[in-house]
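Observations on chain architecture
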Amino acid sequence: METIHDPAEALADIRTMMARSSKFLSLSGLAGISAGITALIGAAAAYWELYASNSPDPTLFMLLDAIGVLFCAVACAVFFTRRMARNLGIPAWSNTTKYILDSLLVPLCAGGIFCLLLWNGGYALLIGGVTLLFYGVALINTSKFIAPEVRYFGFLEMVLGLFAIAAPANWLIFWAFGFGAAHIVYGSVVFAKYEK
Amino acid sequence: MKTIIGDLDKVLESRIRLAVMSILAVNDVMEYPALKDLLDITDGNLASHIAVLERRKYVSVRKRFIGRKPVTMYSITHTGRRAFTMHVDALEKLIRHSR
C-alpha cells in the first residue's frame, strides 16, 4: 500500500483531488455572460427586423440570426471552458464534460426537432417559447453534474418559455429576458461565487 | 512532536484513501465510475480501499438503478468529514513545526 510520508505532499494531493473532481470546473460564469450578451444582440436584431424594417418576409433573416446567436454562444462557451480548464491545469474533455453534453443535447435535440415541426405547421410564433422551455428542461437535467444553481436557472427558463407560449405576441420579450438577461445574471453570480 | 503525529489518522495515510476522502469532501455524491476515473486505478484496488473507509464509517454507500444499470454512489459521512478535517489540521501542524 502506498502511503504518504511528507505532509506537504499529502496536502498538495488533497488540493489536486479537490480541484480535479469539483463540479464547477467545467463551467465558467464568463461563458454565461457572453452567451447572454450574444442573445441580447440577436434579440435586438430580431426586434428591428420584425417591427422596424417592414421587410415582407423575415424568415431568412430570423433563421440566420438564430444560427448566428447559437454559433457565437457555443463558441464563447467552448473558449471560456477551455481557458478555465487550462488555468486550473485539468483536461477540459473529461467524463464530466461527456455527461454534461449528453444530458444537455438529448432534450435540446428533441426541442430542435419540435421547433422545426412547429415552423413547418405554421406555428412559428411559438418557437421562441419552445426553445426556452426545452432549454430549461435540458438545464434541469444537467444540473446534477454542474452547480445546484443551474437547477433554479432551468426552472426560470421553463417558466419564461411557458409565458412566451401563452402570450406568443410578446415572445421576443420573454426570449430576450430568458436567454439574455437571465444568462448575464446567472453568469455573474457563478463568476462571483466560484471564479474570483 | 509525538503528540502531533498522534493526531494523524492511520486510515488516511494511504494515498488513495486520502484522495477518495478529498474528492468526497467537495462532492455531495460520487458515482463509482467517476471516482475510478479520477483516481486512475483498478477496480479491485479501489474496492478494497473503499471497504476500509466504509468499515470505519467514513463513507456511506448507496446503490441506485439508473435504468437497468446498478450504480454505486458514495458520500462522506459526518464521522468521515470530522476525521478528514482533523487529519488535514494535523498535516498543517506538522508542516508548521518542521519549518
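Residues numbered from 1 in each chain as written. Chains lettered and ligands numbered in written order. Predicted model: local features only at pLDDT ≥ 70, side-chain atom pairs only at ≥ 80, totals over all residues.

1. Some words on the sheet that holds strand S3 (residues 69-76) of chain B
Residue and element names in this part refer to chain B. Operational definition: Between any two strands, pairing holds if DSSP finds at least two bridges. In this text, helices come from DSSP runs of H or I with a minimum length of four residues, and strands from runs of E with a minimum of two, each type numbered from the N-terminal end.
With antiparallel pairing, three strands are arranged side by side in an open sheet as S1-S3-S2. Two strands bound the open sheet, and with one partner strand each, they are strand S1 (30-31) and strand S2 (59-66). Bridging between S1 and S3 involves two bridges; their strand directions are antiparallel. Note that in S3 the partner of Met30 across the bridge is Tyr74.

2. Here's the deal with the packing of helix H2 (residues 15-26) of chain B against helix H4 (residues 43-55) of chain B
Residue and element names in this part refer to chain B. Keep this limit in mind: Lines fitted to the C-alpha atoms define the axes, with helices restricted to the stretch that makes contact. Angles between their N-to-C directions range from 0 to 180 degrees. By definition in this entry, angles of less than 35 degrees are roughly parallel, angles greater than 145 are roughly antiparallel, angles of 65 to 115 are roughly perpendicular, and the rest are oblique. Crossings are classed by handedness, with left-handed meaning an anticlockwise turn of the near helix from the far one by less than a right angle and right-handed meaning a clockwise turn. Think of it this way: build a C-beta for each residue from its backbone, and any pair within 7 Å is a contact. Think of it as three bins: nonpolar holds Ala, Val, Leu, Ile, Met, Phe, Trp, Tyr, Cys and Pro, charged holds Asp, Glu, Lys and Arg, and polar takes everything else, Gly as well.
In the contact formed by H2 and H4, the axes pass within 10 Å of each other and the chain directions differ by 65 degrees. Classified by the angle their axes make, H2 and H4 are roughly perpendicular. The handedness of the crossing between H2 and H4 is right-handed. Side by side, H2 and H4 meet where Ile16, Arg17 and Val20 of the first sit next to His49, Ile50, Val52 and Leu53 of the second. Taken together, the residues of the contact of H2 with H4 break down into five nonpolar, one polar and one charged.

3. Side note on the nonpolar core
Under the convention used in this document: For our purposes the nonpolar core covers buried Ala, Val, Leu, Ile, Met, Phe, Trp, Tyr and Cys residues that link as a set through C-beta atoms within 7 Å. Burial in this document is a count-based property: other C-beta atoms within 10 Å of a residue's C-beta are tallied, and the residue is buried at 20 or more, exposed at 12 or fewer, or partly exposed in between, with C-beta positions derived from the backbone.
Within the largest apolar cluster, 36 residues are counted, with the highest numbers of intra-cluster contacts made by Ala39(A), Leu132(A), Phe174(A) and Trp175(A). Non-local contacts of Leu132(A), meaning those with residues more than four positions away in its chain, are made with Glu157(A), Leu160(A), Gly161(A), Ala164(A), Phe174(A), Trp175(A) and Gly178(A). Core analysis: the second largest hydrophobic core is formed by 25 residues, Val20(B), Met21(B), Leu35(B) and Ile76(B) among them.

4. Notes on helix H1 (residues 7-21) of chain A
Residue and element names in this part refer to chain A. Heads up, the rule is: Each residue after the first adds 1.5 Å to the expected span of a helix. Summarising the geometry, the arc corresponds to the directions from the helix axis toward the C-beta atoms.
The end-to-end C-alpha distance of H1, which contains 15 residues, comes to 21 Å, matching closely the 21 Å that a straight helix rising 1.5 Å per residue would cover. Within the span of H1, buried status applies to Pro7, Ala10, Ile14, Met17, Arg20 and Ser21. Along the long axis of H1, the arc covered by the buried residues comes to 160 degrees, so they all point the same way. More than 90 degrees from the buried face of H1, the exposed residues found are Glu9, Ala12 and Arg15.

5. Looking at the packing of H1(A) against H2(B)
Where H1(A) meets H2(B), the closest approach of the two axes is 8 Å, and the angle between their N-to-C directions is 45 degrees. If you check the angle between H1(A) and H2(B), you find them oblique. The handedness of the crossing between H1(A) and H2(B) comes out as right-handed. From H1(A), Ala10(A), Asp13(A), Ile14(A), Met17(A), Met18(A) and Ser21(A) reach across to H2(B), where they touch Arg15(B), Leu18(B), Ala19(B), Ser22(B), Ile23(B), Ala25(B) and Val26(B). Of the residues contributing to the contact of H1(A) with H2(B), the split by class is nine nonpolar, two polar and two charged.

6. As for helix H5 (residues 78-98) of chain B
In an α-helix, one full turn covers 3.6 residues, which means residues spaced three or four apart are oriented alike. When the terminal C-alpha atoms of H5(B) are compared, their 30 Å separation across 21 residues agrees well with the 30 Å that a helix rising 1.5 Å per residue should span. Those residues of H5(B) lying buried are Gly80(B), Ala83(B), Phe84(B), His87(B), Val88(B) and Leu91(B). Along the axis of H5(B), the buried residues cluster in a sector spanning 135 degrees; they form a single face. Of the exposed residues in H5(B), those oriented more than 90 degrees away from the buried face are His78(B), Arg82(B), Thr85(B), Asp89(B), Arg96(B) and His97(B). Structurally, H5(B) contributes buried residues whose contacts are with H1 of chain A together with H2, S2 and S3 of chain B.

That's the geometry; what it means functionally is another story.
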